[in-house]
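Report on the structure
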Amino acid sequence: MANSNNAAVPQPETPKPGLVVTNAPPPEVIYRAGSHDTVLASGPGDERSFSPVNTQHLETLVTQKARDLSHELDQLRGNTDSSNEQLQELQAKNDKAAADYYAAVAAVSAELEGGTTRGNPILVDRWNVAQEKLNVLAQESGLVTDLVTDLTDQASRASYLLDATQNAFSISGAVPEDHKKLTAVQEGVEQEISLVNRLLVKTNDEVSRRAAYLQTERANLQTLALGVANGELYGKNLTNSLFSKTVNGDHGLFKGGSPDGVPGMRKPLVIIRFDRPNVSYDQALYTAIHQALDKYPAAKFDLVAVSNLEGNAAQLALASEEARKNAEMVLRSLQDMGLPVERVRLSAASSKNVLNSEVHLYLQ
């Protein structure tokens, strides 16, 4: 009997194969686009290969750190170049100011050497000009000292930058290009540290040289002022001759020490007799001191006020007081010439061979 529904009987599905072999070309990309594991299909018969990862434009924390360090290095280089230019400018200004100062001093010295009046107002004005020129040199020296401070700060900054660069190598997550950049920064910082240190040494030497120069010229200008006041040319300040030579062996002028006692036991370097008003003694005094220091740089001196031994008590007291005042005046002259007061021992004596007040200068 036939089936009344006349329905078709479903046929069972054919199982799909696990591997399909086909002549169709493979897909261009097997995995998702942009994946580091992307595999590119090759042509028929070629082996498939992995693409290299491009890290040239890959940004990491170390990449940004290297960029910041490189920027700081550029700033350090600019500061170093600016400091070097500033030092050269200061040296050029110093040379010009020194030339102006020497010209002013030479003008005064030439007038004194040719002979002039005491306290010549023209020479006083020229001396004031020389003083102003020396003050300009002192101001320029202050700017060099400020430059030393700036360079010291730059040296500290460079050391910090080097430490920061070296520490950046230990940061994780870097790619090889990051370390290459850090290496370039480190080499640049090391080179800059060397430049800053050399410039700092050069600037410190300039400060020391200027300080010694100013000290010497201030003393010479003081002696020049004494020459203008007296209308005579003396020369360099005595301070500059104190240690100009090295004395070997015994620094004493007499073996076993200097003899003490009355002035007659030693030969005086200078005898200044105040037998008239306005005794001119500065030139002879300066020459004697200068010659003594040239031979004995560590020499000390006795300055003795000698008065007359004859007369009554009142006369002896007046004579002694007059001699002391004259000795103090000579001592001030020695100070003006640059001889330190601690090099001079002041004392008093009396002698029957002295008619008027006298001042004797002896080597200790």
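Before reading further, recall that the structure is shown in the block above.
Notes on the structure follow.

Thresholds, definitions, all that
- Residues numbered from 1 in each chain as written.
- Predicted model: local features only at pLDDT ≥ 70, side-chain atom pairs only at ≥ 80, totals over all residues.
- Heavy atoms only, no water.
- Helix = DSSP H or I, 4+ residues; strand = E, 2+ residues; numbered from the N terminus.
- Contact = heavy atoms within 4.5 Å.
- Areas by Shrake-Rupley, 256 points an atom, 1.4 Å probe, with all protein chains shown as cover.
- Pairing = 2+ DSSP bridges.
- Axes fitted to C-alpha atoms, helices over the stretch in contact; angles between N-to-C directions.
- Salt bridge = Lys/Arg side-chain N within 4 Å of Asp/Glu carboxyl O.
- Expected span 1.5 Å × (residues − 1).
- Buried < 20%, exposed > 50% of the residue type's maximum accessible area, 1.4 Å probe, protein only.
- Arc of directions from axis to C-beta.
- Core = buried A, V, L, I, M, F, W, Y, C linked by side-chain atoms within 4.5 Å.
- Phe/Tyr/Trp six-rings, centres within 6.5 Å; stacked < 30°, edge-to-face > 60°.
- Parallel < 35°, antiparallel > 145°, perpendicular 65-115°, else oblique.
- Left-handed = near helix turned anticlockwise from the far one by under 90°.
- Polar contact = N/O pair within 3.5 Å; in protein donor to acceptor, adjacent residues only side chain to side chain.
- Nonpolar A, V, L, I, M, F, W, Y, C, P; charged D, E, K, R; others polar.

Details of the overall build of the protein chain
- Helix and strand content of the protein chain: 5 helices and 6 strands.
- Within the protein chain, residue pairs in contact and separated by at least 24 positions form 79% of the contacts whose partners lie at least 6 positions apart.
- Of the roughly 22900 Å² of accessible surface on the protein chain, a fraction of 52% belongs to carbon and sulfur atoms.

Focus on the sheet that holds strand S4 (residues 301-308)
- Reading across from one edge, S3-S6-S4-S5 is the order of the 4 strands in this open sheet, with mixed pairing throughout. Here the strands that pair on one side only, and so sit at the sheet edges, are strand S3 (270-273) and strand S5 (344-351). For this sheet the average axis-to-axis angle between neighbouring strands, irrespective of direction, equals 20 degrees.
- Strand direction decides the pairing type here: S4 and S5, joined by 8 bridges, are parallel. What sits directly across from Leu303, in S5, is Leu346.
- Packed on one face of the sheet, helix H5 (residues 313-336) meets S3, S4, S5 and strand S6 (358-363) and runs near 150 degrees to S4.

Some remarks on the pattern of salt bridges
- Per the stated rule, a full pass over the model turns up 11 salt bridges.
- Here Arg67 makes a salt bridge to Glu59, at a shortest N to O gap of 3.1 Å.
- Here Glu111 and Arg126 are joined by a salt bridge, their closest N and O atoms 3.6 Å apart. With Glu111 in helix H1 (residues 61-114) and Arg126 in helix H2 (residues 121-168), the pair connects residues that are 15 residues apart, well separated along the chain.
- Three or more residues are tied together by salt bridges with common partners; here these are Asp74, Arg77 and Glu192.

Examining helix H4 (residues 282-295)
- For H4, with 14 residues, the first-to-last C-alpha span of 20 Å sits near the 20 Å given by 1.5 Å per residue.
- If you check which residues of H4 are buried, you get Asp282, Leu285, Tyr286, Ala288, Ile289, Ala292 and Leu293. With its buried residues spanning 165 degrees around the axis, H4 presents them on a single face. Opposite the buried face of H4, at more than 90 degrees from it, the exposed residues are Gln291 and Lys295.
- Contact partners of the buried residues in H4: helix H3 (176-230), S3, S4, H5 and S6.

Points about the nonpolar core
- One finds Ile272, Leu285, Ile289, Phe301, Leu303 and Val330 to be the most contacted residues of the largest nonpolar core, which totals 28 residues.
- Mapped onto this core, the elements with two or more residues apiece are S3, H4, S4, H5 and S6.
- Broken down by element, the residue count for this core peaks at 6 residues, all from H4.
- Residues within four places of Val330 in sequence aside, it is in contact with Ile272, Phe274, Tyr281, Leu285, Leu303 and Val359.
- Formed by 16 residues, the second largest nonpolar core is a distinct cluster that contains Val105, Ala130, Leu134 and Leu224.

Overview of the packing of aromatic side chains
- Using the criterion set out here, one finds 3 aromatic pairs in the structure.
- Note on Tyr101 and Tyr102: the rings are 5.6 Å apart at their centroids and 55 degrees apart in plane angle, and the pair reads as tilted.
- Tyr102 sits in the partly exposed class, given a relative accessible area of 42%.
- When the centroid spacing of 6.3 Å and the interplanar angle of 75 degrees are considered together, the rings of Tyr102 and Tyr213 count as edge-to-face. Of this pair, Tyr102 sits in helix H1 while Tyr213 is found in helix H3, placing the two residues 111 residues apart along the sequence.
- Following the ring pairs from residue to residue traces out a cluster consisting of Tyr101, Tyr102 and Tyr213.

Overview of the side chain of Asn230
- Residue placement: Asn230 occurs in helix H3.
- Among residues more than four places away in sequence, those in contact with Asn230 are Arg118 and Asp282.

What about the environment of Arg77?
- In this structure, Arg77 sits in helix H1.
- For Arg77, a relative accessible area of 31% puts it in the partly exposed group.
- With residues up to four places along the chain from it excluded, the contact list for Arg77 reads Gly188 and Glu192.

Observations concerning the packing of H4 against H5
- In the contact formed by H4 and H5, the axes pass within 11 Å of each other and the chain directions differ by 60 degrees. Taken together, the axes of H4 and H5 are oblique relative to one another. With respect to the hand of their crossing, H4 and H5 are arranged in right-handed fashion. Residues Asp282, Leu285 and Ile289 of H4 form the contact with H5, whose participating residues are Val330, Ser333 and Leu334.

Concerning H2
- The terminal C-alpha atoms of H2, which comprises 48 residues, lie 71 Å apart, in line with the 70 Å expected from a rise of 1.5 Å per residue.
- Near the N-terminus of H2, the side chain that reaches the backbone nitrogen of Ile122, with its oxygen 2.9 Å away, is that of Asn120.

With respect to the packing of H1 against H2
- H2 packs onto H1 with a crossing angle of 165 degrees between their chain directions and a minimal axis gap of 8 Å. Taken together, the axis directions place H1 and H2 in an arrangement best described as roughly antiparallel. In terms of crossing hand, the pair formed by H1 and H2 is left-handed.
- The residue inventory of the contact of H1 with H2, partitioned by class, reads 29 nonpolar, 7 polar and 9 charged.

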